Amino acid sequence: MRGTSRASLSEAKERLDDVLSSADPATLGDELFAVLHVLDREHGLRRALSDPAQPAELKAAAAHDLLHSGLAPATLELVEHVVGLRWSRSPDLTDAIETLAVISLVASAETDRRLDDLEDELFRFGRIVASQPELRRALSDRAASRDGKVQLVSDLIQDKVTAPAQRLIAEAATYPRGRTLEKTLDVYGGIAAERRSRLIAVVRTSIELTEPQKTRLTAALSAQYDRDIHLNIEVDPTVLGGLSVQIGDEEIDGTIQRRLGDARRRLTP
């Protein structure tokens, strides 16, 4: 997002925090996703509600008239506020509403003290999809019905994950918004981490780490980045000793495979 949209998203998040103090976060998240689906489908409406040339009051009134049916008062008030903000591009408005919807569902997990579980569940399901091409194709098939995908997700995870995780996984599978399922789950996981001002470290290792090893690695990374770090552990037998850590776009690769590759490059004339 450009500067104007970034500032508006920050303000929208602050308003969301106010709304979450009294609204049910799960209901708020579901309704914000419903608004997102309408705006993604109705491009003309999205452009009209994000038009910076139109007065905020006029856009808020239009949102009220067009979207009020079926929305709780708290959700409608939040949407009216968000469309009244200035957005550099029309898609920035819908991206912001998606972010607010995810934050709302993350907040419901946070309320139940299940935020760690939610982050882990999103990560694990993304890796399951990445490792099973047939499952990825089934969930990415544009010809498949939304209800069919929701049922497939339900059959796969049943009661094995938190309710917010199941809702977000179903959303990622049925409304990918031009992204792969794995990428969408990564985006959702990043929003969950940001909610607690943490960074996600994806750790690849050939064997499962012990709890003391996880604790030491978390402490070392937290000290290095001056932020709380959440570890997502990916056991990969192809890793030849050591481990690699990816945080955002930065990778710390301490595997034997990487060191051997560096040695070969140094020896090559």
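Residues numbered from 1 in each chain as written. Predicted model: local features only at pLDDT ≥ 70, side-chain atom pairs only at ≥ 80, totals over all residues. Heavy atoms only, no water.

**Notes on the overall build of the protein**
Spelled out, the test is: For helices the rule is a DSSP run of H or I covering at least 4 residues; for strands it is a run of E covering at least 2, with both sets numbered from the N terminus onward. Residue contacts are counted whenever heavy atoms from the two residues lie within 4.5 Å of one another. Accessibility throughout is a Shrake-Rupley quantity obtained with a 1.4 Å probe, and a residue counts as covered only by protein chains that appear here.
What the protein contains, in helices and strands, is 13 helices and four strands. Counting only C-alpha atoms, the protein reaches 65 × 40 × 40 Å along its principal axes. Restricting the contact set of the protein to residue pairs at least 6 apart, pairs at least 24 apart contribute 69%. Carbon together with sulfur atoms contributes 50% to the accessible area of the protein, which is approximately 14300 Å² in total.

**What about the pattern of salt bridges?**
Note the following rule: Salt bridges are defined by distance alone: a side-chain nitrogen of Lys or Arg within 4 Å of a carboxyl oxygen of Asp or Glu. Note on classification: 1.4 Å probe, protein chains only; a residue is buried when its accessible area is under 20% of the maximum for its type, exposed when over 50%, partly exposed between these limits.
Inspection of the entire model under this criterion finds 16 salt bridges. One salt bridge in this structure joins arginine 177 and glutamate 98, with 2.9 Å as the shortest N-O distance. Placement of the pair is arginine 177 in the loop between helix 10 (163-174) and helix 11 (181-195) and glutamate 98 in helix 6 (residues 90-111), with a sequence separation of 79 residues. Arginine 177 sits in the partly exposed class, given a relative accessible area of 25%. Note that aspartate 186 is salt-bridged to arginine 127, the shortest N-O span being 4.0 Å. Taken as a pair, aspartate 186 in helix 11 and arginine 127 in helix 7 (residues 115-131) lie far apart in primary sequence, 59 residues in all. On the basis of relative accessible area, arginine 127 is assigned to the partly exposed category, the value being 25%. A single salt-bridge network, built from bridges that share partners, covers Asp40, Asp95, Glu98, Arg177 and Arg179.

**Quick word on helix 11**
What counts here: Each residue after the first adds 1.5 Å to the expected span of a helix.
The end-to-end C-alpha separation of helix 11 is 21 Å, in line with the 21 Å expected for 15 residues at 1.5 Å each. Buried residues of helix 11: Leu181, Glu182, Thr184, Leu185, Tyr188, Gly189, Ile191, Ala192 and Ala193, and no others.

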